[in-house]
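# Fold and contact review
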Protein chains: 2
Amino acid sequence: MLNKKRIINIVGLLVIIEGFFLLICLIPSLVYGDGDFPALSVSAVIIFAVGLAAWFFTRDADKSVGKREGFIIVVLVWLIFSLFGSLPFRIGGHIPTYTDAFFETISGFTTTGATILEDIEGLPRGLLFWRSLTQWMGGMGIIVLSLAILPLLGVGGMQLFVAEVPGPTKEKLHPRVKETAKRLWGIYMIFTLMQIILLMLGGMDLFDAVCHSFTTMATGGYSTKQDSIAFFDSPYIQYVIILFMFIAGTNFVLSYFALRLRFDKIWKNEEFRFYSFLVLFFTGVIAAGLFITKQYGYEESLRTAAFQVVSVITTTGFITSDYMIWAPQLTILIIMLMFFGGSAGSTGGGIKIMRILLILKNTYLETKRLIYPNAVIPVKLNRHNVSQAIMGKIMAFVFIYIAIIAVSMALISLMDYEMDTSLGAAAACLGNIGPGIGLVGPVEHYAHFPVKGKWFLSFLMMLGRLELFTVLVLFAPSFWKK
Amino acid sequence: MLNKKRIINIVGLLVIIEGFFLLICLIPSLVYGDGDFPALSVSAVIIFAVGLAAWFFTRDADKSVGKREGFIIVVLVWLIFSLFGSLPFRIGGHIPTYTDAFFETISGFTTTGATILEDIEGLPRGLLFWRSLTQWMGGMGIIVLSLAILPLLGVGGMQLFVAEVPGPTKEKLHPRVKETAKRLWGIYMIFTLMQIILLMLGGMDLFDAVCHSFTTMATGGYSTKQDSIAFFDSPYIQYVIILFMFIAGTNFVLSYFALRLRFDKIWKNEEFRFYSFLVLFFTGVIAAGLFITKQYGYEESLRTAAFQVVSVITTTGFITSDYMIWAPQLTILIIMLMFFGGSAGSTGGGIKIMRILLILKNTYLETKRLIYPNAVIPVKLNRHNVSQAIMGKIMAFVFIYIAIIAVSMALISLMDYEMDTSLGAAAACLGNIGPGIGLVGPVEHYAHFPVKGKWFLSFLMMLGRLELFTVLVLFAPSFWKK
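Described below are features of the structure shown in this document. (Residues numbered from 1 in each chain as written. Chains lettered and ligands numbered in written order. Predicted model: local features only at pLDDT ≥ 70, side-chain atom pairs only at ≥ 80, totals over all residues. Heavy atoms only, no water.)

## Side note on the overall build of chain A
As a reminder, the rule being used: Strands here are runs of E lasting at least two residues and helices are runs of H or I lasting at least four, both read from the DSSP assignment and numbered beginning at the N terminus. Here the globule rule reads 2.2 Å times residues to the power 0.38, and the radius of gyration is calculated from C-alpha atoms. To sort residues, take the accessible area from a 1.4 Å probe on protein chains only and compare it with the maximum for the residue type: under 20% means buried, over 50% means exposed, and anything in between is partly exposed. All accessibility values rest on the Shrake-Rupley procedure with a 1.4 Å probe; residue burial counts only the protein chains present in the view. Asp and Glu count as negative and Lys and Arg as positive, but His and the ends of the chain are not part of the count. Taken as the charge location is NZ of Lys, CZ of Arg, CG of Asp or CD of Glu.
Helix and strand counts for chain A stand at 21 helices and two strands. Radius of gyration (C-alpha) of chain A: 22 Å, near the 23 Å computed for a compact globule of 482 residues. Principal-axis analysis of the C-alpha atoms gives chain A an extent of 70 × 65 × 50 Å. In chain A, buried positions account for 64% of the 482 residues. Carbon and sulfur atoms make up 69% of the accessible area of chain A, which totals about 18100 Å². Separation between the mean location of the 37 positive side-chain charges and that of the 30 negative ones in chain A comes to 16 Å.

## Some words on the side chain of Thr112 of chain A
Convention followed: Here, residues are in contact when the closest pair of their heavy atoms is within 4.5 Å.
Structurally, Thr112 of chain A is set in the loop between α6 (98–109) and α7 (125–153). Not counting residues within four places of it along the chain, the set of residues in contact with Thr112 of chain A comprises Ser107, Gln135, Gly220, Thr315, Thr316, Ala428, Cys429, Asn432, Ile433, Gly434 and Met461 of chain A.

## Thoughts on the environment of Ala230 of chain A
Within the fold, Ala230 of chain A resides in the loop between α9 (206–217) and α10 (235–248). As a C-alpha pair, Ala230 of chain A and Asp322 of chain A span 92 residues in sequence and 9.6 Å in three-dimensional space.

## Some details on the relation of the copies chain B and chain A
Just so we agree on the cut-off: When the copies are overlaid, the least-squares fit takes in C-alpha atoms only where the residue has pLDDT of at least 70 in both copies.
Of the transformation placing chain B onto chain A, the axial shift is 0.0 Å and the rotation is 180°, giving an RMSD of 0.0 Å. The transformation just described matches what one would write down for a two-fold rotation axis. In this assembly the copies share their binding face: 100% of the residues contributing to the interface of chain B also contribute to that of chain A.

## Some thoughts on a nonpolar patch on the surface
Residue and element names in this part refer to chain A. Quick reminder of the rule: Nonpolar side chains (Val, Leu, Ile, Met, Phe, Trp, Tyr) within 5 Å and like charges within 9 Å form the patches, drawn only from residues with over 30% relative accessible area and no salt bridge. For salt bridges, the criterion is a side-chain nitrogen of Lys or Arg within 4 Å of an Asp or Glu carboxyl oxygen.
Where nonpolar side chains cluster on the molecular surface, the patch consists of Ile24, Ile27, Val31 and Tyr32 and spans about 360 Å² of accessible area. Per element, the largest residue contribution to the nonpolar patch is three residues, and it comes from helix α2 (residues 26–32). With respect to the element layout, Val31 can be found in helix α2.

## Some words on the pattern of salt bridges
Residue and element names in this part refer to chain A. All chains considered together, the criterion is met by 24 salt bridges over all chains. As a salt-bridge pair, Arg125 and Asp34 come within 3.0 Å of each other at their nearest N and O atoms. Pair noted here: Arg125 is in helix α7 and Asp34 is in the loop between α2 and α3 (37–56), with a separation of 91 residues, a long-range link. Residue class for Asp34 comes out partly exposed when judged on its relative accessible area of 29%. Arg355 is paired through a salt bridge with Glu467; the nearest N and O atoms lie 2.7 Å apart. Taken together, the residues Arg355 in helix α16 (residues 353–371) and Glu467 in the loop between α19 (451–465) and α20 (469–472) connect sequence positions 112 residues apart. This pair shows no difference in class: Arg355 is buried, exactly as Glu467 is. Residues joined in a network through salt bridges with shared partners are Lys352, Arg355 and Glu467.

## Here's the deal with a negative patch on the surface
All names here are of chain A. Side chains of Glu118, Asp119, Glu121 and Asp227 sit close together on the surface and give a patch of like negative charge. Mapped onto the fold, Glu121 is located in the loop between α6 and α7. Accessibility expressed as a relative area gives 39% for Glu121, which makes it partly exposed.

## A few points about the interface of chain B and chain A
Rules: Two parts placed together each lose some accessible area; with a 1.4 Å probe, that loss summed over both constitutes the buried area. Two N or O atoms form a polar contact when they lie within 3.5 Å of each other; inside protein one atom must be a possible hydrogen donor and the other a possible acceptor, and for residues adjacent in sequence the pair counts only when both atoms belong to side chains. Here the nonpolar group is Ala, Val, Leu, Ile, Met, Phe, Trp, Tyr, Cys and Pro; Asp, Glu, Lys and Arg are the charged ones; every other residue, Gly included, is treated as polar.
Tallying the contact residues gives 44 residues for chain B and 44 residues for chain A. Each partner contributes to the roughly 4000 Å² buried at the junction of chain B and chain A, and carbon and sulfur atoms together form 75% of this total. Put simply, chain B and chain A have two salt bridges between them. With its nearest N and O atoms 3.4 Å apart, the salt bridge here joins Lys393 of chain B to Glu366 of chain A. Our count for the contact surface shared by chain B and chain A stands at eight residue pairs in polar contact (both at pLDDT 80 or more). Only α4 (67–85), α15 (328–337), α16 (353–371), α17 (388–413), α18 (419–430) and α21 (477–480) of chain B provide two or more residues apiece to the side of chain B that touches chain A. Among the elements that take part in the side of chain B that touches chain A, α17 of chain B stands out by supplying 14 residues, more than any other. For the side of chain B that touches chain A, a count of residues per class yields 29 nonpolar, nine polar and six charged.

So, in structure tokens, the structure goes:
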């Protein structure tokens, strides 16, 4: 029997926590007085009331939760946070429809960064703060999810990189999640703070520095400015953001080692090496391309290339240059990057660099296996063998990922969009990037989608954020049997 | 030690056979007197001379050939057949450059059907016959390759569907290949003959009927008409071609059973069922779309949809309607079909329906494995378990396939092509389809590619036709060691 009571209890508790985060937004709301105080406070009251009720009436629930409860809780949390989190946008009428408010919120909690706003600066600053905060919370959620919860649920071969997570291993869900969360959130907060300080040193005001640091560390990409980071015409600020996007796209376990000065651990990590290689390679090629075609100077070519490459590969989605008006050869490189995604155990979305690395290795080894058909030639990662079962899971993940994009393209095109926009919206939402290509390109938005399109894309964001299987397993009839 | 002498000996022998095929073209050349007799006869002399010399001077070679020799022979045969096969086009100057002549010929032998000709009817009929014949020979080659040789070489999980190939099993390469070839070529010829007769009953003249039957059974798609099958404004002819394209896209082992009236074997075959389902499903959806958007009648909608769907899924590439000017939602369905390909053991190219079916099954089972992590849940095909090693090979195949398309798109775009053309050319050449989208769409051609582009696309055609690994293994350093 599914422990429904405990599910409601845990979700209720988490909704109460969402309420506390919402209270923080009252500070900028009061400071700036942009008129969003009623919307924020009424929303907080509703959220606390519902959360407390859910928690209170189920507080006698049996504490035992198994895997099935785990899947349901994870999916419910993202869904219910987005449902309640959209209230502040809707209650004051600052976002005109509930669909749009929900889209904007789930795009926040999934750290996607796709927006329906056509005039971002027009939103009151309390709400802009909430919008950034949803991403930061989403990033926190995803760190715990990917490094503590999913490995226990056995999703998508994510067991692999957890071997080295600091903290007690092979224990029960609860203490392990708690311990891991504590350590990793500490790092997350340290980096966020460092970025806030560095941005302010570059002349950004406190409000913008906090909001942008929130959405950088989450690889979310919501900006408080319509022109995204291009607004801040400062190379220094762009370099700071490049650095922190890169960090946010790195496995947080490695960041933990970095803060303890164990750099040997980092450089020996194959995923990190491949991630660094990809960033350097694509930056180099695109910088050369921009230098030739756009007549930019050396520094500007390099910075513009690095910014867009790191922003897309980490699935952040900040923009300093519209890559749709680059030479098509350079644009196509950016499109390729949309499929990579951040490192496993980072806040980045997409397929994830580790999966791509393992598939590349396995593919290369297939030719070896062809030549020596009787030899057992396993894929190795960081000197450990990767089992065939895990390789199978990883390959299945990538196939589903590609299949979902193909089917989504067809469905989106049925809403009268061209192929480029269909691909862009599907890849950017499933990959939690935000900006795509075509009508959802870097200087565009998602407002023009029909209502059903927005709900469909919201579903894609959640699917991608929760590593596909976490959501898909709920659709398997065998999940509900027993 | 590599048995080089025997490799040369076998290839020489096969080149002699190519010469005999070329002699057949002298008949239409003489009948029509279009002025291609010198080019054809001079080419035949050169081919016989080279083939005989190669065979004669190596006739004392040790008969033993292993797997390594097998790979090399297969690749060399397609390459050398194309090199020599392009002579008739070039010697008389009917195709202006050697690059174009080679492209046209390898596109024939790989049964791709991508053409550089801008005025097909302008070519003398002896050469048009040779052009069709290259595809028919390519089809013969591919049947033996996929059903007899590749399984022995262990390429791409192709062992799977060979279990039921009629003929002696578990014997040495030579007798097995011979026996399989005999039986399957018999079927190939029977179908070709049937189609010739049926097309002539529809009013097509002997020459066109033979040429089109050659290129239908090979799923090649070369037509003797600039307007492809649209030229024959006859529903009957279109239905005949739809039927035979469908047969050509079916595993020839099943056709063998069909001719022996063992229909139970066919209907129980899961790949055939999935293939039939895909054809019916896509035909239904597209027919409905054409009915609504184009105002075609019922019959014309259905026929136009069925023709294009079967032509693309089997990788034939015949055309009766320009799918690029359909509603974009319908065009996108055709683009999706470009990745499917024919059945394993057919003359069709692409990823192959069996691989897609197995990957879909495996992907579905992953959710089951997630729910029952300790159960062993193997993929089954036609009631047999598919080993993890073979699933691994199949998945690796599809990844390389997709990776090659992605890299090719980037390389083609560097030659100043837009994204649609880059995707179209890469998918249509690697998948051995012929027409793609954009500037290589159904009413376009490949003449506009730069020289390096044509050689690159020729390489893609060979790569796709030889199931990737057969070619790629030659680039592995470990292949040449030992």
